[in-house]
Amino acid sequence: MDIHEYQAKELLAGFGVRVPKGGVAYSADQAVYRATEIGGSRWVVKAQIHSGARGKAGGIKLCASDVDVRRAAKELLGTTLVTMQTGPDGLPVHRVLVEEALPIARELYVGLVLDRKRERIVVVAHPHGGMEIEEIAQREPEAILREVVEPAVGMQAFQARELAFGLGLAPPQVSQAVAILLGAYRAFRELDATMVEVNPLVVTADGQVLALDVKMSFDDNAMFRRPNVVELRDYAQEDPREAEAAEHGLNYVALDGDIGCIINGAGLAMATMDMIKHAGGEPANFLDIGGGASPDRVAAAFRLVLSDKNVRAILVNVFAGINRCDWVAQGVVQAVRAVQVPVPLVVRLAGTNVEEGRRILSESGLPIITADALAEAADRVVGARRSSPPDPLSVPERGNVQSPPSPAGRGGQGVRTSNANAPGPV
Ligand code: GDP
Ligand code: MN
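Now for a look at the structure at hand. Note that the structure is a prediction, hence the values are computed from the model and not measured.

How each quantity is defined
Each residue is numbered by its place in its chain's sequence as written, counting from 1. The lettering of chains begins at A and the numbering of ligands begins at 1, in the order of writing. Reporting in this predicted model follows two pLDDT cut-offs: at least 70 for local features of residues, and 80 or more for side-chain atom pairs to be given and counted; totals over whole chains, interfaces and linings ignore these cut-offs and use all residues. Note that water and hydrogens are dropped before the side-chain values are worked out from all heavy atoms of the structure. Helix axes are fitted to C-alpha atoms over the stretch in contact, other axes to C-alpha atoms as well, and angles between N-to-C directions run from 0 to 180 degrees. Numbering goes from the N terminus for both helices and strands, where a helix is a DSSP run of H or I of at least four residues and a strand is a run of E of at least two. The scheme is simple: roughly parallel for angles under 35 degrees, roughly antiparallel for over 145, roughly perpendicular for 65 to 115, oblique for anything else. We call a crossing left-handed when the near helix sits turned anticlockwise from the far one by less than a right angle, and right-handed when that turn is clockwise. Contacts are residue-level and defined by heavy atoms, with any inter-residue pair within 4.5 Å sufficient. Only Asp, Glu, Lys and Arg are considered charged in this grouping, and only Ala, Val, Leu, Ile, Met, Phe, Trp, Tyr, Cys and Pro are considered nonpolar; every other residue, Gly among them, is considered polar. Note on donors: an N, O or S atom is included if it sits within 2.8 Å of the metal, or within 3.2 Å for Na, K and Ca, and water is never included, so sites can look incomplete. Salt bridges are defined as contacts in which a side-chain nitrogen from Lys or Arg sits within 4 Å of a carboxyl oxygen from Asp or Glu. Using a 1.4 Å probe on the protein chains alone, a residue whose accessible area is under 20% of its type maximum counts as buried, one over 50% counts as exposed, and one in between counts as partly exposed. Directions from the helix axis toward the C-beta atoms define the arc. Strand pairing requires that DSSP identify at least two bridges connecting the strands.

**Describing the packing of helix α11 (residues 325-339) against helix α12 (residues 354-363)**
- Interhelical geometry of α11 versus α12 gives an angle of 20° and a closest axis separation of 7 Å. Considered as vectors, α11 and α12 are oriented roughly parallel to each other. In this structure, α11 meets α12 at a crossing whose hand is right-handed. Note on element contacts: α12 touches α11 through V354, E356, G357, I360 and L361, opposite C325, D326, A329, Q330, V332 and V333.
- Among the residues forming the contact of α11 with α12, the class breakdown is seven nonpolar, two polar and two charged.

Structural data, given as structure tokens:
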């Protein structure tokens, strides 16, 4: 989970990290009010989106009067900002951060990341921060400073001092930088972050050290114990389908193909996507519905998968270990009746109570294609898609059109049960 710059700065400030004076605004009036509150005569208005590289995209505006501040806020709010990191669709700007503009003498880079191989938090720093860091890091990678933190004792002051001296800071700035580094580390640990990036960390003309830009990401699996972080989530910055999935406890990632996948377990989902590709198809999504998939959750999964207009066929693949195939089958039948699935549907069940599960599917009278083995299921779903050529007009909006009768080529009405001698489950 990502949060906005102004939110990350508020969190870090709570750990003693010095940041410029500023405040968030949702309107041009509010932006001017913020500038007055801050005082001084120069401000920056910064678009708040979950992306970096805003500066180069016109999302950071220096202002020398309240007229400037109003104009900058008006220019940014309500627009979509496309940066090198957002992809071509960009992200909507609904908030701006108004800050005192500082006279900058130096821009440095500091990042705290989780190094999964080392199983440690690593603090990286570079003497040239700001907007060119990627290129500079490539040109002179030897200049990147690293401190690996021992988790049992946490980041030590000597490590922070080594980084600060390595960045070429003078003694009066070293102690300020050390406070920022140690504070950022504590925030990382105590808030279950996966990344804290301060770029740039600046030294001002009068020798002050501050975090001028901050990004933070968090570990989704730890958010159950971080309610104060969870409330910072901004759904407007996320893929709406992925956000809806998260609300139902589903793990969804949109992809480019046309075969919708509804699977329990991330490992099985990965294997299923491989098998679909092996059979000559392309998955439209990754979707893990989790272990105890209730009919409600299965219905939510169908709605989600069908909200992708590219989907031409769906494969449900459930291995019931903790779950039971008969429950899953009931869930699928209820979901298909509730959601109206307008594309061919292949269901492969394996595990506990599989016979009962298959009976429920076959007695439902729904045009569900079944399969025993994963390879077979992948072949069938790719074949089913091929027998229904893409026709955008024939794909109805979700939930409000009856599913079309299945064409003869797919085996007509009713369940087609696979060859009982097919290879066993994968
Ligand atoms: P990013 O492009 O999304 O990473 O946005 P940043 O917040 O890092 O801003 C980009 C650049 O704008 C910084 O590297 C600075 O050079 C400049 N900038 C941002 N705030 C100020 C400020 O208060 N004063 C000055 N002089 N420059 C600023
Ligand atoms: Mn930046």
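Structure shown, so let's carry the discussion forward.
**Some details on the coordination of the manganese ion (ligand 2)**
- Coordination of the manganese ion (ligand 2) by the protein comes from N199 (O) and D213 (OD), over a distance range of 2.1 to 2.3 Å. Of the two residues, N199 is situated in strand β10 (residues 193-204) and D213 in the loop between β11 (209-211) and β12 (214-218); the sequence distance between them amounts to 14 residues.

**A look at the pattern of salt bridges**
- Counted by the stated rule, this structure contains 26 salt bridges.
- Across the salt bridge formed by D115 and R118, the nearest N and O atoms sit 2.8 Å from each other.
- Residues joined by salt bridges that share partners form a network here, namely E5, K9, K46, R54, E99, D213 and K215.

**Comments concerning helix α3 (residues 66-76)**
- Considered for burial, the residues of α3 that qualify are V69, A72, A73 and L76. For α3, the buried positions fall inside an angular range of 95° around the axis, keeping them on one side. Structural note: α3 exposes V67 and K74 on the side pointing more than 90 degrees away from its buried face.
- Looking at the buried positions of α3, the neighbouring elements they touch are α2 (28-38), β2 (43-47), β3 (60-63) and β6 (96-100).
- In the segment just after α3, G78 is the residue with positive phi, at about 85°.

**Overview of the sheet that holds β6**
- One open sheet holds the four strands; their spatial order is β1-β6-β2-β3, and the pairing between them is antiparallel. The open sheet terminates on both sides in strands that have one partner only, identified here as β1 (22-25) and β3. Direction aside, neighbouring strands of the sheet carry axes that sit 20° apart on average.
- Judged from the four bridges that link them, β2 and β3 form a sheet pairing that is antiparallel. In the sheet register, K46 faces β3, and the bridge partner there is I60.
- Helix-sheet contacts for helix α1 (residues 5-13) involve β1, β2 and β6, and the interaxial angle to β6 is about 55°.
- Those strands touched by α3 are β2, β3 and β6, and its axis lies near 5° from that of β2.

**Overview of unusual backbone geometry**
- Here the residue pair N199 and P200 is connected by a cis peptide bond, since its omega of 5° sits within 30 degrees of zero.
- Tracing the backbone through its elements, the reader meets P200 in strand β10.
- For E119, which is not glycine, the phi dihedral falls at a positive 60°.
- By the secondary structure assignment, E119 is in the loop between β7 (104-115) and β8 (120-126).
- Positive phi, close to 60°, is recorded for N353, a residue that is not glycine.

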